[in-house]
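Reading the structure
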Amino acid sequence: MSKAAFKPFILPLLLLICALFYYFGELVDWATWNALRKNFFYGVHDIHRLLFLIPIIYAAYTARVKGAIIMTLVSLAIFLPRAFFVSPYPDPLLRMIIFTLGAGVIGYLVARIRNEGEKSRQLEVMITIERDKLRKIVGGMADGIIITGQDYRIRFMNSKMVDAFGEGTGLPCYKLLRDIDAPCQQECHIPDVIHDKHIRKWECSFPSGKTYEILAAPYVDSDETVCQISIFRDITKRKNN
Amino acid sequence: MNPEWVIRIILFGIAHWILAGFLLNDLASRQKVFGRRKAPWVIVVIIIPCFGSILYLLFHPQIFHPDDNQK
């Protein structure tokens, strides 16, 4: 039999062990197993009750809030006969109710933490799928895309742009595109686009001999920085004709 | 009636009816039940306070593994 086939029986088994342990003193008396008569089984059962935290937490882990509530109530049903008819100690009902409430809260919190963990895992998977989809779309575009920050450093280039100019993420755009050491004087629209939030369109020739039509717009990156996203369309052939 | 007995009955009643609510809901949505018929389980869960519910849980432990049931 596979391991998974045993899984549903873990909780009933845990519960049975806890219940047997909880009433072991009475069981020993009933069966007259005098050799097993130990003082521990006849003391205040607050410590014995702690064992029930195991099935409650396990139920919360596997069946979430519903599991935690059911197991807490089942534990309460197991505690009640002792509190009502067996325990000779003071306030058995009160101590039992306090424990049950505490255990229920712990179970609920475990279930909530597990729910949140599960939710964030699902979100992570969804985000990864969406990101991959977006990368495929951007990567498959016929035009080049480049995202440039306020410091002129390139934050992103799509594969078309890398093919045309080489990998330059992290480099200043003027260094990669024109191999110069300062921002382009006339043709740079970054201040316009980023600071004034304007969309700009212009044509630009590069040292490689190619001419591009550039459409630039403001873009807020994941770190909340306003950047410039530019689409480079190769119009060299159109210009030469 | 002795007030202590009233407390006992109320506590058993609370535990019984909340458990019964959860388990009858599970029973209604379950396609296969132990013994094939649902009606006897409804009677067991309702008629035997708390221990009927424990009996139901012992025979249907899948309630604690909803993720496995979906697979």
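No experiment lies behind these values; they were computed from the predicted model shown.

1. Regarding the domain arrangement of chain A
Domain boundaries assigned for chain A yield domain 1 (3–132) and domain 2 (140–240). The C-alpha-based centres of domain 1 of chain A and domain 2 of chain A are spaced at 62 Å.

2. Comments concerning the sheet that holds strand E4 (residues 211–220) of chain A
Residue and element names in this part refer to chain A. What the 5 strands build is an open sheet, ordered E2-E1-E5-E4-E3; its pairing is antiparallel. A single partner strand is all that each edge strand has here, and the edge strands are strand E2 (154–157) and strand E3 (200–205). Sheet twist, expressed as the mean angle between neighbouring strand axes with direction ignored, is 25°. Here strand E1 (residues 144–148) pairs with E2 via 3 bridges, running antiparallel. Bridge pairing links Ile146 to Met157 in E2.

3. A short note on the interface of chain A and chain B
Between chain A and chain B, the residue contacts involve 27 residues of the former and 24 residues of the latter. Regarding the contact of chain A and chain B, the summed buried area is about 2200 Å², with carbon and sulfur atoms giving 82% of it. Three residues stand out in chain A for area buried against chain B, namely Ile70(A), Leu73(A) and Phe84(A), and they jointly supply 24% of the buried area on that side. The interface formed by chain A and chain B includes 0 salt bridges. Elements with a minimum of two residues in the side of chain A that touches chain B: helix H1 (3–22), helix H4 (53–86) and helix H5 (92–139) of chain A.

4. Some points on the packing of H1(A) against helix H2 (residues 24–31) of chain A
Residue and element names in this part refer to chain A. H2 packs onto H1 with a crossing angle of 65° between their chain directions and a minimal axis gap of 4 Å. Classed by the angle they form, the pair H1 and H2 counts as roughly perpendicular. Together, Leu20, Phe21 and Tyr22 of H1 and Phe24, Glu26 and Leu27 of H2 make up the contact between the two elements.

5. Focus: the pairing of E4(A)
Residues and elements named next belong to chain A. With 6 bridges connecting them, E3 and E4 associate as antiparallel partners. The residue bridging Lys201 from the neighbouring strand is Leu215, located in E4. The turn linking E3 back onto E4 is made up of 5 residues, and Gly209 within it adopts a positive phi angle of 95°. Both E4 and strand E5 (residues 226–234) contribute to a ladder of 9 bridges, which runs antiparallel. Bridging from a neighbouring strand, Tyr219 pairs with Cys227 of E5. Where E4 folds back onto E5 in an antiparallel hairpin, the turn is made up of 5 residues, including Glu224, whose phi is positive at roughly 70°.

So, how was this worked out
- Residues numbered from 1 in each chain as written.
- Chains lettered and ligands numbered in written order.
- Predicted model: local features only at pLDDT ≥ 70, side-chain atom pairs only at ≥ 80, totals over all residues.
- Heavy atoms only, no water.
- Domains from an automatic or database assignment.
- Pairing = 2+ DSSP bridges.
- Helix = DSSP H or I, 4+ residues; strand = E, 2+ residues; numbered from the N terminus.
- Axes fitted to C-alpha atoms, helices over the stretch in contact; angles between N-to-C directions.
- Contact = heavy atoms within 4.5 Å.
- Buried area = accessible area lost by both parts, 1.4 Å probe.
- Salt bridge = Lys/Arg side-chain N within 4 Å of Asp/Glu carboxyl O.
- Parallel < 35°, antiparallel > 145°, perpendicular 65-115°, else oblique.

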